[in-house]
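Single-letter residue listing:
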Amino acid sequence: MALNGTYVPSATEWVRKNVEEYEVSNGEKGGTLPGTDYPIVVVTSVGRKSGDLRKNPVMRVERDGAYLAVASKGGAPENPEWYANFVAHPEVEVQDKAEKHTYTARLLEGAERADWWELAVATWPTYASYQEKTDREIPLFLLERA
């Protein structure tokens, strides 16, 4: 089921441009984190207050058809804005290249979180340094096909 609402592009220029390039080209352009070779996917969520659709590029951390959304915000002391959207409205859409599907976001804890954290760091080693920069445990959402 597709998400409904009005898409409001990010106020952050690199996010807005990355998402636009990705969507127009089905990931052929904008398919990596800017300045790297690390692949991304685009996740659409529903704004917790506005109900507007928000789109964010996130690192492509995938296993057996499930994706991980790492709420690192570069190791900042607070969560990214999309964290609250996922909590309030766990139905999201993931675009991986040309494939778009609806997923349910679930916050991970305990051993399951530890397992996925290992995969996240193996995929994007910088996550480990992000964790060192902050006192909060970086939240992980498992995105499972709805």
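For the structure itself, consult the block above.
Residues numbered from 1 in each chain as written. Predicted model: local features only at pLDDT ≥ 70, side-chain atom pairs only at ≥ 80, totals over all residues. Heavy atoms only, no water.

S.K.: Honestly, helix H3 (residues 110-123) in this entry has me stumped. Any pointers?
M.R.: Given 3.6 residues per turn, any residue in an α-helix points the same way as the ones three and four places further on. Between its first and last C-alpha, H3 extends 20 Å over 14 residues, near the 20 Å set by a 1.5 Å rise per residue. Listed in full, the buried residues belonging to H3 are Arg113, Trp116, Trp117 and Ala120. Viewed end-on, H3 has its buried residues packed into an arc of 115°, placing them on one side of the element. Every exposed residue of H3 that faces more than 90 degrees away from the buried side is listed here: Ala111, Glu118 and Ala122. On its buried face, H3 sits against strand E3 (61-63), strand E4 (66-70), helix H4 (126-133) and strand E7 (140-145). (Helix = DSSP H or I, 4+ residues; strand = E, 2+ residues; numbered from the N terminus. Expected span 1.5 Å × (residues − 1). Buried < 20%, exposed > 50% of the residue type's maximum accessible area, 1.4 Å probe, protein only. Arc of directions from axis to C-beta. Contact = heavy atoms within 4.5 Å.)

S.K.: Is there a simple way to explain the nonpolar core in this structure?
M.R.: For soluble globular proteins, nonpolar side chains are generally found buried alongside one another. Counting 21 residues, the largest nonpolar core has Met59, Leu68, Val70, Trp116, Trp117, Tyr127 and Leu140 as its most contacted members. Listing elements by their share of this core, those giving two or more residues are helix H1 (13-25), strand E1 (40-46), E4, H3, H4 and E7. Beyond its immediate chain neighbours, meaning those up to four positions away, Leu68 contacts Met59, Val61, Leu108, Trp116, Ala120, Leu140, Phe141 and Leu142. Core analysis: the second largest hydrophobic core is formed by 14 residues, Val41, Val43, Ala69 and Ala71 among them. (Core = buried A, V, L, I, M, F, W, Y, C linked by side-chain atoms within 4.5 Å.)

S.K.: What's the story with the packing of aromatic side chains in this structure? I'm lost.
M.R.: All chains considered together, the criterion is met by eight aromatic pairs. Ring plane angle 45° and centroid distance 4.7 Å describe the contact between Trp82 and Phe86, whose orientation is recorded as tilted. Taken together, the residues Trp82 and Phe86, both in helix H2 (residues 81-88) and four residues apart, mark about one turn of the helix. Given a relative accessible area of 10%, Trp82 falls into the buried group. Seen from their ring centres, Trp117 and Tyr127 are 6.2 Å apart, and the 45° between their planes marks the pair as tilted. Of this pair, Trp117 sits in helix H3 while Tyr127 sits in helix H4, and the two are ten residues apart along the sequence. The residues Trp117 and Tyr127 share a single accessibility class, namely buried. Each member of the aromatic cluster is reached from another via a ring pair, and the members are Trp82, Tyr83, Phe86 and Phe141. Positioned above the aromatic ring of Tyr7 is the side chain of Lys55, whose terminal nitrogen or guanidinium carbon lies 4.6 Å from the ring centre. (Phe/Tyr/Trp six-rings, centres within 6.5 Å; stacked < 30°, edge-to-face > 60°. Lys NZ or Arg CZ within 6 Å of the ring centre and 35° of its normal.)

S.K.: Before we go on, may I ask you to explain the side chain of Thr44 in this structure?
M.R.: Inspection of the secondary structure puts Thr44 in strand E1. Excluding its chain neighbours within four sequence positions, the residues that come into contact with Thr44 are Leu3, Leu53, Arg54, Lys55, Val92 and Glu93.

S.K.: Help me out: how do you make sense of the pairing of strand E6 (residues 99-107) in this one?
M.R.: Side chains on a regular strand alternate between the two faces of the sheet. By the bridge criterion, six bridges tie strand E5 (residues 91-96) to E6 in an arrangement that is antiparallel. Bridge pairing in E6 links Val94 to His101. Sheet analysis places E6 next to E7, joined by five bridges and oriented antiparallel. Bridge assignment links Arg106 to a residue of E7, and that residue is Leu142. (Pairing = 2+ DSSP bridges.)

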